[in-house]
Amino acid sequence: MTHDPADLTAAEYLDGAREMTAADRPFLAHLLAEEAARLTADPATGAGIRAAFPAPDTV
């Protein structure tokens, strides 16, 4: 099922981040987690999400 990205929730972005981590796609996981954190009302929760999905090194 396709979704309009404007309709996705933080939980859905976080699920996507977990899926991308499992698929060894760390940069996509990071981007999805950043969006999940942005949509999260609680700053502490957002910080926890960002800490769980750090930006991969791009060396």
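Higher on the page you've got the structure.
Residues numbered from 1 in each chain as written. Predicted model: local features only at pLDDT ≥ 70, side-chain atom pairs only at ≥ 80, totals over all residues. Heavy atoms only, no water.

Undergrad: Lay out the overall build of the chain with the relevant residues and their values.
TA: Helices and strands together make up the secondary structure of the chain, namely three helices and zero strands. For the chain, the succession of helices and strands along the chain, N to C, is α-α-α. Computed over its C-alpha atoms, the radius of gyration of the chain comes to 11 Å, within 12% of the 10 Å expected for a compact globule of 59 residues. With the C-alpha coordinates of the chain rotated into their principal frame, the extents come out at 35 × 30 × 15 Å. With 59 residues in all, the chain has 20% of them scored as buried. When contacts within the chain are restricted to residue pairs at least 6 apart in sequence, long-range pairs at least 24 apart make up 40% of them. Carbon and sulfur atoms form 58% of the exposed surface of the chain, whose accessible area is close to 4200 Å². With 4 positive and 10 negative side-chain charges, the chain shows a spacing of 3 Å between the two charge centroids. (Helix = DSSP H or I, 4+ residues; strand = E, 2+ residues; numbered from the N terminus. Rg over C-alpha atoms; globule rule 2.2 N^0.38 Å. Buried < 20%, exposed > 50% of the residue type's maximum accessible area, 1.4 Å probe, protein only. Contact = heavy atoms within 4.5 Å. Areas by Shrake-Rupley, 256 points an atom, 1.4 Å probe, with all protein chains shown as cover. Lys, Arg positive; Asp, Glu negative; His and termini not counted. Charge placed at Lys NZ, Arg CZ, Asp CG, Glu CD.)

Undergrad: Talk me through unusual backbone geometry; I want residue IDs and the actual numbers.
TA: The phi dihedral of Asp24 is positive, around 60 degrees, even though this residue is not glycine. With respect to the helices and strands, Asp24 occurs in the loop between helix H1 (10-22) and helix H2 (26-39).

Undergrad: I'd like a description of the packing of H2 against helix H3 (residues 43-52), backed by residues and values.
TA: H3 packs onto H2 with a crossing angle of 175 degrees between their chain directions and a minimal axis gap of 8 Å. Considering the angle they form, H2 stands roughly antiparallel to H3. When H2 is examined against H3, the residues Ala33, Glu34, Ala36, Ala37 and Arg38 are found in contact with a partner set consisting of Gly46, Ile49 and Arg50. Per-class residue counts for the contact of H2 with H3 are four nonpolar, one polar and three charged. (Axes fitted to C-alpha atoms, helices over the stretch in contact; angles between N-to-C directions. Parallel < 35°, antiparallel > 145°, perpendicular 65-115°, else oblique. Nonpolar A, V, L, I, M, F, W, Y, C, P; charged D, E, K, R; others polar.)

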